[in-house]
Amino acid sequence: MLKISLENLGKLFDAVSEKQTLYIPTDREDGASEYKKYESGMKLSKNLNTIRSAKDFFFPQTENLADFKMEGKKIEVIDIREESEDFVIFGVRACDARSFTILDKVFLSEPVDSYYKNRRDHGTVVTMACTKPAETCFCGTFGIDPTAPEGDAACWSDGENLFIQANNEKGQAFIDSVASLLEDGDTAKLDEVKAKTKEILGKLPLANLSTDAFGGDTLMEHFNSEKWAELSESCLGCGTCTFVCPTCQCYDIRDFDTGHGIKRFRCWDSCMYSEFTKMAHGNIRNSQLERFRQRFMHKLVYFPSNNNGEFGCVGCGRCLSKCPISMNIVKVMKALEVK
Amino acid sequence: MQEAMISKAKQLLADGTVNRVIGWKKGEFAYDITPAIFESAEEIDADFVYDDFTAANVSKYLVKESKKEGKILAFLKPCDTYSLNQLTKEHRVNRENIYVVGIPSDGKLDIEKIKSKGVTGITGVERDGDTLKITTLYGEETMPVADAMSNKCLSCKSKKHVTYDELIGEDGDVIDSDRFDMVEKLENMTSQERYDFWRGELSKCIRCNACRNVCPACTCETCVFDNPNSGVQNKAAADSFEENMFHIIRAFHVAGRCTDCGECSRVCPQNIPLHLLNRKFIKDINSLYGEYQAGADTTSKAPLNEYTTDDCEASIVHERGVE
């Protein structure tokens, strides 16, 4: 397999960033990591994952959709879409890589969302295999192997070298663009690292979490469960879980009056928010219980029902770490699976 | 302590003093507790927990809970009692429907701080004197307890319960804390340095509203920023300064009412030290109007709600001739 010494990783980043914008997860002062535009000398984070997920690259928190100019009774619609530049996201974990497949099902099915597609077409995703999963990880529940991540190209580290392999043409083009920095390498040590990681994966506290009790055909049983009241009773109704989630994709579209015209924008919405799905006639999910239920039913029942059984969660564990009251999809699944 | 609390809760449920208990429920791991309401001895036996990670302040839940039928038992740490007192003062809770059992706290831990030291795969956390023993999937780790202490507890302002119906253990005293040290540091910066500090911190905001929603001083039924009819609904920031303004406005809104419980910073997913904004207001109020601790009592007039002729800005009103 092709490899580069970890010491020379900076050279690889420099080479990539000369041709395209490159984003890598890097550490902040507070020890947490976030994706940042690469600048020479920036170090790749050793953290397992970023606080915000990689979905931001394809589905940003806010974006402008169109402008309107009004003169008298005339309204002019201005298309502000621009072709995205090519960019590379490096170091995406297997969970986040799978989230793109889920988001694709939402945004690339007819009618195709041209804003999302534009960025998706121009983005190259280079993933990084996990070697030190956290106790909050449960990607295995959704059939994800963090030692064999998806993405256009995938990378593995054995502690000394970074190995890289293409998963498709886009990934191959990425590898070709830095071929002069790569050499053939022996994967014996890497195979050991992978085996060790797999052993840990089997020991994770959530290794046996199962989706058996969920799916499209379990709708009424779960919808009417008495357990939602208790599960949602201390929910603060904040948007933390939905905003750090790599698969949450609800958005709102609104108009902003600049004084010189209208900017139509969309922004992330959260089913936890009090005005979520507030329509002209009122609110169709009036209570926090109904809104809380929406989030988990969407991931565990509605989404698989509409997408050939695929669940709307990748087990990244961000909501487990970040919910202010530590209520999360794992606790919901464990409560609901008990009849 | 947990045992004493469990038997107290069961006793008060059994003798009919209360019909519900608000406390904390254990989770999947050693640290992921959830505030919860217990209605029976069985529920308490199964899940009730009070340990190093029960940092969550349950006072705000009492706004809703105290309006329900029957009395609720609330276990409150010293800092939590200031929040309840402030809510009582503002007529946001029905204090008669709450039976407060004051419980001591020797400081709560912040799992994020442990994780930020690179510790992962955590399967157990045990406090052994001043040392923390952490078991992980990758072996044992130790660290000083102080390194893992929640920020709000590191600068604890009081071990005293300012309201209770009953106490478990001895009551403590108000502490001469160092909580204004960082505020002073910020005050001593140049305005550009201070601006850069806050821009750096507040620009991390993802507008999840966790700080607002957890805040015991933020009890508006519908926040103006959530209300589509308010004209200032703010689901998305129009520019990069708007989320900065949101926090500044919120700090103004709770000025003089914030008890410095520290929940805003504890819940922030981006680790923004939001409490520093509130502490600046507290410090200024102390120096302009005399020492004042919101929530210390339920009867005194709040400095920002009162007018006296020796007010620091009395002349404004004098000149208008309102007196």
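For clarity, every value in this text was computed on a predicted model and none was experimentally measured.

Engineer: Which residues make up the overall build of chain A, and what values go with them?
Structural biologist: Tallying secondary structure elements over chain A gives 11 helices and 14 strands in all. Here the C-alpha atoms of chain A give a radius of gyration of 22 Å, agreeing with the 20 Å that 2.2 N^0.38 yields for 339 residues. In terms of overall dimensions, chain A has C-alpha extents of about 65 × 60 × 40 Å along its principal axes. Across the 339 residues in chain A, those meeting the buried criterion constitute 40%. Of the contacts formed within chain A by residues at least 6 apart in sequence, a portion of 70% connects residues at least 24 apart.

Engineer: Tell me about the interface of chain B and chain A, and please be specific about residues and values.
Structural biologist: With 35 residues of chain B in contact, the opposing surface of chain A contributes 39 residues. Per element, the largest residue contribution to the side of chain B that touches chain A is four residues, and it comes from strand β2 (residues 34-38) of chain B.

Engineer: Requested: an account of the environment of Ala36 of chain B, with residues and values cited.
Structural biologist: With respect to the element layout, Ala36 of chain B can be found in strand β2. It is 29 Å that separates the C-alpha atoms of Ala36 of chain B and Leu276 of chain B, two residues lying 240 residues apart in sequence. Among all residues touching Ala36 of chain B, those that are not within four sequence positions of it are Ser234 of chain A together with Gly23, Trp24, Lys25 and Asp47 of chain B.

Engineer: Before we move on, could you go through the sheet that holds strand β4 (residues 62-71) of chain A and cite the residues and values that matter?
Structural biologist: Residues and elements named next belong to chain A. Across the sheet, four strands lie side by side as β5-β4-β12-β11; this open sheet has antiparallel pairing. Across the chains shown, the open sheet's two edge strands, defined by having one partner strand only, are β5 (74-79) and β11 (251-257). Averaged over all neighbouring strand pairs, the angle between strand axes comes to 25°, with direction disregarded.

Engineer: Got a sec to walk through the packing of helix α11 (residues 242-253) of chain B against helix α13 (residues 275-289) of chain B? Specific residues and values, please.
Structural biologist: Packed helix pairs are characterised by how far apart their axes lie and by the angle those axes make with each other. All names here are of chain B. Relative orientation of the contacting elements α11 and α13 amounts to 40°, with a least axis distance of 9 Å. Viewed along their axes, α11 and α13 adopt a mutual orientation that is oblique. When the axes of α11 and α13 are compared, the crossing they make is right-handed. On α13, the residues that touch His247, Ile248 and Ala251 of α11 are Leu277, Asn278 and Phe281. Broken down by class, the residue content of the contact of α11 with α13 amounts to four nonpolar, two polar and no charged.

Engineer: Describe in detail the pairing of β2 of chain B, supporting the description with residues and values.
Structural biologist: Side chains on a regular strand alternate between the two faces of the sheet. Residue and element names in this part refer to chain B. Buried residues dominate β2, accounting for four of its five residues. Strand direction decides the pairing type here: strand β1 (residues 20-25) and β2, joined by five bridges, are antiparallel. Paired with Gly23 across the strands is Ala36, a residue of β2.

Engineer: An account of the sheet that holds strand β7 (residues 139-144) of chain B is needed here, citing residue identities and associated values.
Structural biologist: Residues and elements named next belong to chain B. On the basis of which strands lie adjacent, the open sheet formed by three strands has the order β5-β6-β7 and antiparallel pairing. Only two strands of the sheet have a single partner each, and these edge strands are β5 (122-128) and β7. Strand-to-strand twist across the sheet, computed as the mean angle between neighbouring axes with direction ignored, equals 20°. Judged from the six bridges that link them, strand β6 (residues 131-136) and β7 form a sheet pairing that is antiparallel. By the bridge assignment for β7, Thr131 is matched with Pro144.

What counts as what
Residues numbered from 1 in each chain as written. Chains lettered and ligands numbered in written order. Predicted model: local features only at pLDDT ≥ 70, side-chain atom pairs only at ≥ 80, totals over all residues. Helix = DSSP H or I, 4+ residues; strand = E, 2+ residues; numbered from the N terminus. Rg over C-alpha atoms; globule rule 2.2 N^0.38 Å. Buried ≥ 20, exposed ≤ 12 C-beta atoms within 10 Å, placed from the backbone. Contact = placed C-beta atoms within 7 Å. Pairing = 2+ DSSP bridges. Axes fitted to C-alpha atoms, helices over the stretch in contact; angles between N-to-C directions. Parallel < 35°, antiparallel > 145°, perpendicular 65-115°, else oblique. Left-handed = near helix turned anticlockwise from the far one by under 90°. Nonpolar A, V, L, I, M, F, W, Y, C, P; charged D, E, K, R; others polar.

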